[in-house]
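Survey of secondary and tertiary structure
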Amino acid sequence: MDRIIIRGGRRLEGRVPVSGAKNAALTLLPCALLTDQPLTLTNLPRLADVEGFGHLMNELGVSTTIAGLRSGSNLRAMTLDANTIGSTTAPYEIVRRMRASILVLGPLVARAGEATVSLPGGCAIGNRPIDLHLKALEALGAEIELAAGYVRAKAPSGGLTGGHIIFPIVSVGATENALMAATLARGETVIENAAREPEIADLCRCLVAMGAEIEGIGTERLVVQGKSALHGAEHRVMPDRIEAGSYACAAGITGGDLLLEGARADDMHAILVSLTDAGLSVTEEADGIRVKADGPLRPMTLSTAPFPAFPTDMQAQFMAMLTLAQGTSVLTETIFENRYMHVPELARMGADIQVHGRTAIVKGVDRLLGAPVMATDLRASMSLVLAGLAAEGETQVHRVYHLDRGYELLEDKLSAVGADIERAGGG
Ligand code: UD1
């Protein structure tokens, strides 16, 4: 298995191009199931999860054509054609590797009248139930059955009908499934306490380009007027705010100066405020956001919560950066119950972190030391890369497949701004 080897201690400086957003891509790809005409997505990141989703779509009988692939480029387009749907089953072998597979449930039941999707089960960061996805589809008239590790959703003979969905807690995935299904449900659907993550607005823009009628985009109340059919469209995937935020932390932890090309400040307000709180200078420029170290890192307090608050997907990277701040930081994770898997690994590199329930107390240390490390999820793995960039000596990050799920051209992008980083086989 591959590993990433980093010899730390170099200041990063230069431009980092921000790729298309993984989490937007994973909800835009299943939109193709909503129409019998082709959907073209541009600026798709080249990531293992995007490839995996493409395979799932093929499994459902959707043809996928890739164009515009240029080596070393972050531009790629995929055309998905679900002229006919060949299968309505998302099998265990695919779903277990990619939880986002659950996002085919809503579109399939809306268009084909039924869907059978393997239950995703838990993952390293927690239990991760799908009850809210199922309740939302029930509110649109679907009948749900659970059997033999699969969930089966069936629409009534006349298809789904509009409904009133009130989410008791904010869920990105459940909002996405509900929205996609509602576009083909008869009549009006109201979704209350909808997630407001920028990826949901990107999904709405794509659905509108496909002929959907949605009001309240970007708010917690979405109103959808269902259509009898949607049509083909072309949509550009939004920039990845979490990738951009991760590289901002790379600037912070190495005392560097990076221009995050293509990053959009509107999508990242809480992240940018937190970077400023940590003592970094953040400026919006014409072609992106510049993040520059401006003296020592300052300790801070942060708590994760749904958008527009600070995202859980940035918690591990900030923690890595704050291990070198001058003082004690307090981080609280409110979204997932088990999202501190990086703590023992950071500790092996010399970090001083104590976890009490959902809160982590990070006492800044003078230096980190390189070590062999591994993590159990994507963002935790990135926190170890960040620590490695600042650590003295060599860090080897194992289980690179986590990073390949979410960071396109990671070593290339970091080497280009001065990091000493390479991928090696074995280990
Ligand atoms: C998405 C993102 C993930 C991010 C998360 C929170 C994708 C592919 N993944 O995940 O990177 O960390 O949003 O911003 O976009 N919950 C339930 N029942 C449900 C669904 C969720 O109780 O049916 C709970 C979850 O356990 C969690 C909370 O709701 O505690 C938020 O999860 P959710 O927003 O649904 O996360 P995902 O959509 O899975």
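Located above this text is the structure these notes cover.
Rules used throughout
Residues numbered from 1 in each chain as written. Predicted model: local features only at pLDDT ≥ 70, side-chain atom pairs only at ≥ 80, totals over all residues. Heavy atoms only, no water. Near = heavy atom within 4 Å. Polar contact = N/O pair within 3.5 Å; in protein donor to acceptor, adjacent residues only side chain to side chain. Areas by Shrake-Rupley, 256 points an atom, 1.4 Å probe, with all protein chains shown as cover. Helix = DSSP H or I, 4+ residues; strand = E, 2+ residues; numbered from the N terminus. Nonpolar A, V, L, I, M, F, W, Y, C, P; charged D, E, K, R; others polar. Phe/Tyr/Trp six-rings, centres within 6.5 Å; stacked < 30°, edge-to-face > 60°. Buried < 20%, exposed > 50% of the residue type's maximum accessible area, 1.4 Å probe, protein only. Pairing = 2+ DSSP bridges. Contact = heavy atoms within 4.5 Å. Axes fitted to C-alpha atoms, helices over the stretch in contact; angles between N-to-C directions. Disulfide = S-S within 2.5 Å. Core = buried A, V, L, I, M, F, W, Y, C linked by side-chain atoms within 4.5 Å. Salt bridge = Lys/Arg side-chain N within 4 Å of Asp/Glu carboxyl O.

On to the site of the ligand, then. Taken together, 17 residues form the shell around the ligand, and within it Asp 131, Ser 171, Val 172, Asp 313 and Ile 335 come nearest. Interatomic distance of 2.7 Å between a side-chain N/O atom of Asp 131 and a nitrogen atom of the ligand. Coverage of the ligand by the protein chains reaches 83% of its 750 Å² of free accessible surface. The set of elements that each furnish at least two residues to the shell around the ligand consists of helix 5 (131-139) and helix 6 (172-182). At three residues, helix 5 tops the list of elements feeding residues into the shell around the ligand. A breakdown of the residues in the shell around the ligand according to their chemical character gives eight nonpolar, five polar and four charged.

All right, on to the packing of aromatic side chains then. Taken as a whole, this structure holds one aromatic pair when the rule is applied. With a centroid separation of 5.0 Å and 85 degrees between ring planes, the pair formed by Phe 310 and Phe 318 is classed as edge-to-face. The class for Phe 310 is buried, based on a relative accessible area of 4%.

It is worth spelling out the sheet that holds strand 9 (residues 150-154) at this point. Adjacent strands of a sheet form backbone hydrogen bonds with each other and so pair up, either parallel or antiparallel. Taking strand neighbours across the sheet as the criterion, the four strands line up as 6-7-9-8 in an open arrangement whose pairing is mixed. Single-partner strands in this sheet number two, and they are strand 6 (89-90) and strand 8 (143-147). As judged from the five bridges shared by strand 8 and strand 9, these two strands associate in the antiparallel manner. The residue of strand 9 that forms the bridge with Glu 143 is Lys 154. Taken strand by strand, helix 4 (residues 105-112) contacts strand 7 (114-118) and strand 9, and its axis lies near 155 degrees from that of strand 7.

Regarding helix 9 (residues 269-277), the residues found buried are Ala 270, Ile 271, Leu 272, Ser 274 and Leu 275. Summarising the contacts, the buried residues of helix 9 are in contact with helix 8 (241-253), strand 16 (280-285), strand 17 (288-293), strand 18 (301-303) and helix 10 (315-322). Backbone geometry just downstream of helix 9 places Gly 279 in the positive-phi region, at approximately 100 degrees.

Attention now goes to the state of the cysteines. What the rule picks out here adds up to zero disulfides. Free of any disulfide, Cys 31 has its nearest neighbouring cysteine sulfur in Cys 206, separated by 4.6 Å. Classification of Cys 31 as buried rests on a relative accessible area of 0%. Here Cys 204 stays free of any disulfide, with the sulfur of Cys 31 as its closest cysteine sulfur at 9.4 Å. Accessibility expressed as a relative area gives 1% for Cys 204, which makes it buried.

With that settled, the discussion passes to the pairing of strand 3 (residues 39-42). Alternating residues of strand 3 divide into Leu 39 and Leu 41 and Thr 40 and Thr 42, and every residue in both groups is buried. With three bridges connecting them, strand 3 and strand 5 (residues 77-81) associate as antiparallel partners. When the bridges of strand 5 are listed, Leu 41 appears paired with Met 78. Sheet topology note: the strand 3/strand 14 (residues 233-236) ladder contains four bridges and is parallel. Bridge pairing in strand 14 places Thr 40 opposite Glu 234.

Bringing the nonpolar core into the picture now. Grouped together as the largest cluster of nonpolar side chains are 75 residues, with contacts concentrated most on Leu 41, Phe 53, Val 104, Leu 160, Leu 179, Leu 207 and Met 210. The dominant element in this core, judged by the number of residues it contributes, is helix 6, at six residues. In this structure Met 210 touches Cys 31, Leu 34, Thr 35, Leu 39, Leu 230, His 231 and Ala 233, once residues within four positions along its chain are discounted. If you look at the next biggest cluster of nonpolar residues, it comprises 72 residues, including Ala 265, Met 319, Ala 360 and Ala 390.

All right, on to the pattern of salt bridges then. The full count for this structure, using the stated rule, is 24 salt bridges. Residues Arg 290 and Asp 257 are paired through a salt bridge, measuring 2.6 Å at the closest nitrogen-oxygen approach. Taken together, the positions of Arg 290 in strand 17 and Asp 257 in strand 15 (residues 257-261) put the pair 33 residues apart, joining distant regions of the chain. Across the pair Arg 264 and Asp 267 runs a salt bridge whose closest N-O atoms are separated by 3.0 Å. For Asp 267, a relative accessible area of 10% translates into the label buried. Several salt bridges share partner residues, and in doing so they unite Asp 2, Asp 404, Glu 411 and Arg 423 into one network.

What follows covers the sheet that holds strand 1 (residues 3-7). Reading across the sheet, the four strands line up as 22-23-1-24 and stay open at both edges, with mixed pairing between neighbours. In this open sheet, the two edge strands, each paired with only one partner strand, are strand 22 (372-374) and strand 24 (420-424). Looking at each pair of strands side by side, their axes are set apart by 25 degrees on average, direction ignored. Relative to strand 24, strand 1 is paired through five bridges, and the arrangement is antiparallel. Within the sheet, the bridge partner assigned to Arg 3 lies in strand 24 and is Ala 424. Packed onto the sheet, helix 12 (residues 378-390) meets strand 1, strand 22 and strand 23 (394-398) and runs at close to 170 degrees relative to strand 23.

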